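Understanding the architecture of this molecule
The chain contents come next:
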Amino acid sequence: MTPRRRSVGSRLPNARPPPDLRLVPAAAATWAATAAGLHTAPGVGAAAGAALAVLVVVVLAIRTPRSWAAGLAVALTFAAAASLGTAARVAHRDSSPLARLAVTESSATVELTVDDDPRSVAGGFAGIPRVLITATATAVDARTGRWRVDDDIVVLADASSWSGLLPGQRLSAHGTLLPARGGDLAAAALAARGPPELIGLPPPLQRAAGSLRAGLVEAAAVLPEGPRGLLPGLVLGDTSKMDPVLVEQFRDTGLSHLVAVSGANCAIVVGAVIWLLRRVGVPKVALAVVAGLALTGFVVLVRPSPSVLRAATMGAIALIALASGRPRTAVPALAATVALLILVAPELAWSPGFALSVLATAGILAWAPRLTRGLRARRVPAGVAEALAVSIAACAATAPLIAALSSAVSLVSVPANVLAAPAVPLATVLGVLATVISPVSETAAQGLIWAAGLPTRWLVLVAEHGSQLPQASLAWPGGLAGGSLLAVLLAVVVLVAVRWPALRYLGLAMVCGLVLVGLPIRILGTGWPPPAWLFVACDVGQGDALVVNAGPQTALVIDAGPDPVVVDSCLRSLGVRRVPLLVLTHMHADHVDGLDGVLRGRSVGVIEIGPRPDDESAWPRVRAAATRAGVPIETAGVGQVRSVAGVDIEVLAPDRASSGTRSDLNNSSLVLMVSSAGLRVLCTGDIEVDAQRALTHGPVELTADVLKVAHHGSAYQDLAFLDAVDASVAVISVGADNDYGHPSPDLVAQLRGLGMRVLRTDTDGAVAIGIGAEERMWVAARARGSPADS
């Protein structure tokens, strides 16, 4: 009997329909056209848009399969609209008076409206904290005239007077207009001078949201330092109080998306509302309406900035699927919202956050259900299967872009996200409840905060321990080539797993082999730190951070560098968990701003400083950090010797603070002679000619094996002092491409002329020194690998 043929459009009874991808080409075309338009001249963009519009007419006119023609016509229509719209906006940006004034870096007074919360930026001048504010300029007043405008502008300002601004606040600011970086719609950047002049009050809704946000931060004070700063990040995306070391640990473990308001945050809040309403039998349509109102309220609470609106839109995709009763609508909803968001806000086309959010959402929609079914078929519990599927899908979808941006691939991202998954919803929901209830009852809010602190503590532990695993992330080629390479490799892996199931076990065996054999070889092959090291100059950029070995997991630290994340990374690479003595030679930011990185997660005995500094230096920040950590501060005196585990640190100078010199704070640096296992290292802080001459003519013994060159190798050095030290090795702790011309080429030549081997952290990386066979000193640079005899 001839079998009955199945019609082309029919499916097996239990077959699941394929995803609806009809709008995906339109979204991709919109994205590509907008990204190109932001980096091309307006005329070119307009011409491209016109050409695409002509193609739409051509496609509709020729005889082609209807579905193919319709899909191509829709994609070309969106691309044409994106090109023409972006060209018009770029033309408006380039013709703005702000852009013309920025070319000549003119001074101006600008009236503007704040669009988003101020964001802290690294690298403030002289250690002064700075913030970045996105705003809309409404008027500009310069020497050449006054104009009414309506343009995007970016403001760089002093954090002390600008950090408390709320979105919607109108103000006037004076400063220098600078050219914008390009790639977005900002007409100019304003380097503000002085505090803003406020005009009226922010909108009532923003004031209410600001009060609620402040209430959460205040209530979170009952938690320890790590969870205290993390909880506002989880709930509101507010990382202003988050420990920078913890921020880096979240990045290393692939958890940084948790502290940025994303579709996941919105979905958690909305999901809690949906669960509650379903329990009381609310119909689907009413359920979607109420959930939409909850989503709107959450957006207002966390600020309706472009990034938050992007996240809310991604979260709303689930509501669309819920209201329609058709989960397949999620994919076309995602594609449509991507296209519409880019048309409305073209700058999103070059936003890494937007791209990561879209890729993560797409990965979850495309792969998570299938992965969940596969895991459930292998008897994995439902909750574990869903957590694994969502983490694997999101990580796989975003891994190529993360590799392209960071030049690294996290090896702990999936397990870290799986471990974090159960804690995130609980912490977020309790945190939101605490935020809402804080104006009514501070006691109830603190109780909810205490409960939210339990899952938040767990997240801190996951990030801390995950980042401390050997090779938690691997170096990977960055840029387009690296991202494409990883995408191809992942595609091959998926193809093999789907098409040839028999090869899955071979692939699993290869992965296990790489982990069990290749990873230990990679770890042991780094050669860092070298065995029996005595002294290390960390590579912390333009600053100082010196480490003296004082036994297993123990070291003495001299200065903390400019960045807590970098100095913490150096100490972790050396295995340092205890610091009996931390010496801060003087109160310049490049020596003390990394203090939190030394204190975090380590037992610190005492902080020693030089002559009492004044409150105009970094001293208030140092004092506050030490108080938070419960570490006492003592003042060093000349002739004082501290001994720890066979290491002696003698204070040679100064006996009092310098006065009347070229740089009194630099010349007041503590000068230390470190002695360990026969090795003598002279640590000079930032002393200059006056202080060096005083030491040369004084009674102290300056002879050393190693000289830590003062002030990052500046030209202000005394040749007689350098000659008196008579060192074999000179170490210069200096940042690459710094603005000060450090180190001085003449000084480097002088040091070599005195017979010293010169090592620089900007070119050699971290420098380690020790004593080897036959009492010979060896020197190793991390960038070059293994130790070599000096």
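Residues numbered from 1 in each chain as written. Predicted model: local features only at pLDDT ≥ 70, side-chain atom pairs only at ≥ 80, totals over all residues. Heavy atoms only, no water.

Topologically, glycine 194 is positioned in the loop between strand S6 (186–192) and strand S7 (197–199). When the C-alpha positions of glycine 194 and glycine 175 are compared, they lie 8.2 Å apart, and in sequence the two are 19 residues distant. Those residues in contact with glycine 194 that sit more than four places away from it in its chain are Ser161 and Trp162. (Helix = DSSP H or I, 4+ residues; strand = E, 2+ residues; numbered from the N terminus. Contact = heavy atoms within 4.5 Å.)

Two side chains carrying opposite charge are able to pair once their charged atoms lie near each other. Overall, the coordinates contain 16 salt bridges when judged by the stated rule. In this structure, aspartate 655 and arginine 656 form a salt bridge, with 3.6 Å as the shortest nitrogen-oxygen distance. On the basis of relative accessibility, which here comes to 59%, the residue arginine 656 falls in the exposed class. Because the salt bridges share partners, they merge into one network encompassing Asp243, Glu464 and Arg600. (Salt bridge = Lys/Arg side-chain N within 4 Å of Asp/Glu carboxyl O. Buried < 20%, exposed > 50% of the residue type's maximum accessible area, 1.4 Å probe, protein only.)

A few words now on helix H7 (residues 225–236). Between its first and last C-alpha atoms H7 spans 18 Å; for 12 residues at 1.5 Å apiece the expected length is 16 Å, and the two agree. Taken residue by residue, H7 has Gly226, Pro227, Gly229, Leu230, Leu231, Pro232, Gly233, Leu234, Val235 and Leu236 as its buried positions. (Expected span 1.5 Å × (residues − 1).)

Let us look at the pairing of strand S18 (residues 671–676). Counted residue by residue, S18 has five buried out of six residues, so it is predominantly covered. As paired strands, S18 and strand S19 (residues 679–683) are joined by five bridges and run antiparallel to one another. Across the sheet, the residue bridging to leucine 672 is cysteine 683, located in S19. With antiparallel pairing between neighbouring strands as the criterion, S18 and S19 make up a hairpin whose turn holds two residues, including alanine 677 at a positive phi of roughly 55 degrees. (Pairing = 2+ DSSP bridges.)

Put simply, the protein has an average pLDDT of 81, and 84% of its residues get 70 or more. Strand S20 (residues 706–708) holds the highest mean pLDDT among the elements of the protein, 96, whereas strand S25 (residues 788–789) holds the lowest, 42. Predicted confidence is poor over residues 4–14, with pLDDT under 50, and the contacts of this stretch with residues over four places away or in other chains come to four contacts. Counting interchain partners and residues more than four positions distant, the pLDDT-below-50 stretch residues 521–525 has five contacts. (pLDDT = per-residue confidence, 0-100.)

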